[in-house]
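# Structural description and commentary
Residues per chain, in single letters:
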Amino acid sequence: MTQTFDLIVRGGEVVNHAGRGHADIGVRNGKIVAIGDLSQASAGEVFDASGLTVLPGVIDSQVHFREPGLEWKEDLESGSRGAALGGVTAVFEMPNTEPTTTDPDALADKLARAKGRMHTDHAFYVGGTHENATFLGELERLPGCCGIKVFMGASTGSLLVQDDEGVENVLRHVNRRAAFHSEDEYRLAERRSLARPGDWTSHPEVRDAQAALQSTHRLVRIAKSLGKRIHVLHVTTKEEIDFLAQNKDVASVEVTPQHLTLVAPEAYERLKGFAQMNPPIREAEHVAGIWRGIDTGVADVLGSDHAPHTREEKARPYPASPSGMPGVQTLVPIMLTHVVDGKLTLERFVDLTSHGVNRVFGLADKGRIAEGFDADFTIVDMKARRVITHDWMATRSGWTPFDGFEVKAWPKATIVRGIVVMRDDEVIAEGRGEPVRFLETLAG
């Protein structure tokens, strides 16, 4: 009797827990139900992946899509369109919107806004504050919540928790792994006068490596004292990599493509405000240190920290220019170019963008090409040669720091729960994204 499927991804090189090799993948009801030789099977839809590489769906676990309140920079539709065009199947979105995502109503509002508009699957962080700390244990269990996010530096208003007592109070009330922007706000305040007007090369002096390391030391000490799990976002210093390598029992580590690719001071001289982000793009010794974190397994996940601002905002003279850059759409081609160049293996890329996210965040059914998991695939051409341009970007901000960057691999299709969302640079199934499910919120 002939097997039948809703979708067969046929003839591609599959990269998963078993290594890599040519196989077909059968999908029913949005789930992977067969992997192997399905040449005799039939399906409602067949995706010919001959000559292409089939990866587990890439998950970007740090994006800022700016909605509600800042939609002129980005919104959930445009941000997720960029994600799909870039081969990303799911995103975790940050709480520093207006209003901030710090209570059940704000989370419910984001989930409602996403329904029918976001093209990828999604989840949202709840911001931890001094005011809502005692309620975080309830908030983190809400469906659609990927966890608690805390800004120890680089934020304003209620989302800034700069003091040890505040961090302790947040961690005391959470049970899931909490994510942190780890820069010491006290040191940043002391060093703001070092900013040279109009000179972006002073940005990594104002926000120096010590500000990051000092904060991460504080954070790890508090987490250990309370027996809590932490996730240190966008690690940028070689010293933090060395320190966090000794504290993997409580700390997981995120790194970003831009901190692995752009180098100070050249990036600031060339890109000016478009290279400005927090923590900063740093010098070559720190870039080498982050790569060492990838080589040695210290880094757990790769996130883009997609955080767009308009060209006009970025053109303001430093330090009036805002920090942040688009990145969700370029994550896959930039990092796969590093794969082609021998900087990391394809298997390590998969570990950082799907398997690692599965482990760190406790995904219920995503992050692997395995029977029973969601049929999420990032299908790439590892021999493509393209040049990234501003024109390709879906972000409302309309620019990328990687304009003119020649890449050596390219996303050809984005498949989410068996739905071909993007194919050949075109989003063909719109608004089909659903909330991501987590092991620690299944009861919700």
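Overview of the structure.

So, how was this worked out
Residues numbered from 1 in each chain as written. Predicted model: local features only at pLDDT ≥ 70, side-chain atom pairs only at ≥ 80, totals over all residues. Heavy atoms only, no water. Helix = DSSP H or I, 4+ residues; strand = E, 2+ residues; numbered from the N terminus. Buried < 20%, exposed > 50% of the residue type's maximum accessible area, 1.4 Å probe, protein only. Axes fitted to C-alpha atoms, helices over the stretch in contact; angles between N-to-C directions. Left-handed = near helix turned anticlockwise from the far one by under 90°. Contact = heavy atoms within 4.5 Å. Nonpolar A, V, L, I, M, F, W, Y, C, P; charged D, E, K, R; others polar. Salt bridge = Lys/Arg side-chain N within 4 Å of Asp/Glu carboxyl O. Expected span 1.5 Å × (residues − 1). Bend = angle between axes of the 7 residues up to and from the residue. Pairing = 2+ DSSP bridges. Right-handed = clockwise from strand over helix to strand, strands pointing away.

Here the amide bond leading from Asn 278 into Pro 279 is cis, since omega sits at -10 degrees, within 30 degrees of zero. Relative to the helices and strands, Pro 279 is located in the loop between helix H10 (266-271) and helix H11 (284-295). A cis amide bond links Tyr 318 to the next residue, Pro 319, at an omega of 10 degrees. Positive phi, normally seen in glycine, also occurs at Lys 272, with a value near 55 degrees. The phi dihedral of Asp 425 falls on the positive side, at around 65 degrees, and the residue is not glycine. Take Asp 425: it is sitting in the loop between strand E18 (419-423) and strand E19 (426-427). Of the residues examined, Asp 425 reaches a relative accessible area of 33% and is grouped as partly exposed.

Packing of helix H13 (residues 331-340) against helix H14 (residues 346-361) brings their axes to within 9 Å, and their N-to-C directions diverge by 150 degrees. Between H13 and H14 lies a crossing whose hand is right-handed. Contacts from Leu 331, Val 332, Met 335, Leu 336 and Val 339 in H13 reach Leu 346, Phe 349 and Thr 353 in H14. Here the contact of H13 with H14 is built from residues that sort into seven nonpolar, one polar and no charged.

The next point concerns the pattern of salt bridges. The tally for this structure, following the rule as stated, stands at 38 salt bridges. Between Glu 185 and Arg 192 there is a salt bridge, with its nearest N and O atoms 2.5 Å apart. Residue class for Glu 185 comes out buried when judged on its relative accessible area of 9%. Each of the salt bridges in this network shares a partner with another, and the network as a whole consists of Lys 31, Asp 121, Asp 365, Lys 366, Asp 374, Asp 376, Arg 417 and Arg 437.

Turning our eyes to something else, we now look at H14. The end-to-end C-alpha separation of H14 is 22 Å, in line with the 22 Å expected for 16 residues at 1.5 Å each. Approximately 45 degrees is the largest bend angle found in H14, and it occurs at Leu 352. One or two steps after H14, the chain reaches Gly 362, where phi turns positive at roughly 65 degrees.

The next point concerns the pairing of strand E7 (residues 88-93). A regular strand places its side chains on the two faces of the sheet in alternate fashion. Of all six residues making up E7, six are buried, and the element is well covered by its neighbours. Relative to E7, strand E6 (residues 58-63) runs parallel, the two being bridged by four bridges. Residue Val 63 lies in a different strand from E7, and its bridge partner there is Glu 93. For the crossover that starts at E6, traverses helix H1 (residues 76-85) and ends in the parallel E7, the hand is right-handed. Where E7 and strand E8 (residues 121-127) come together, four bridges link them in parallel fashion. Bridging from a neighbouring strand, Ala 90 pairs with Asp 121 of E8.

Interpretation in functional terms is not warranted from these geometric data alone.
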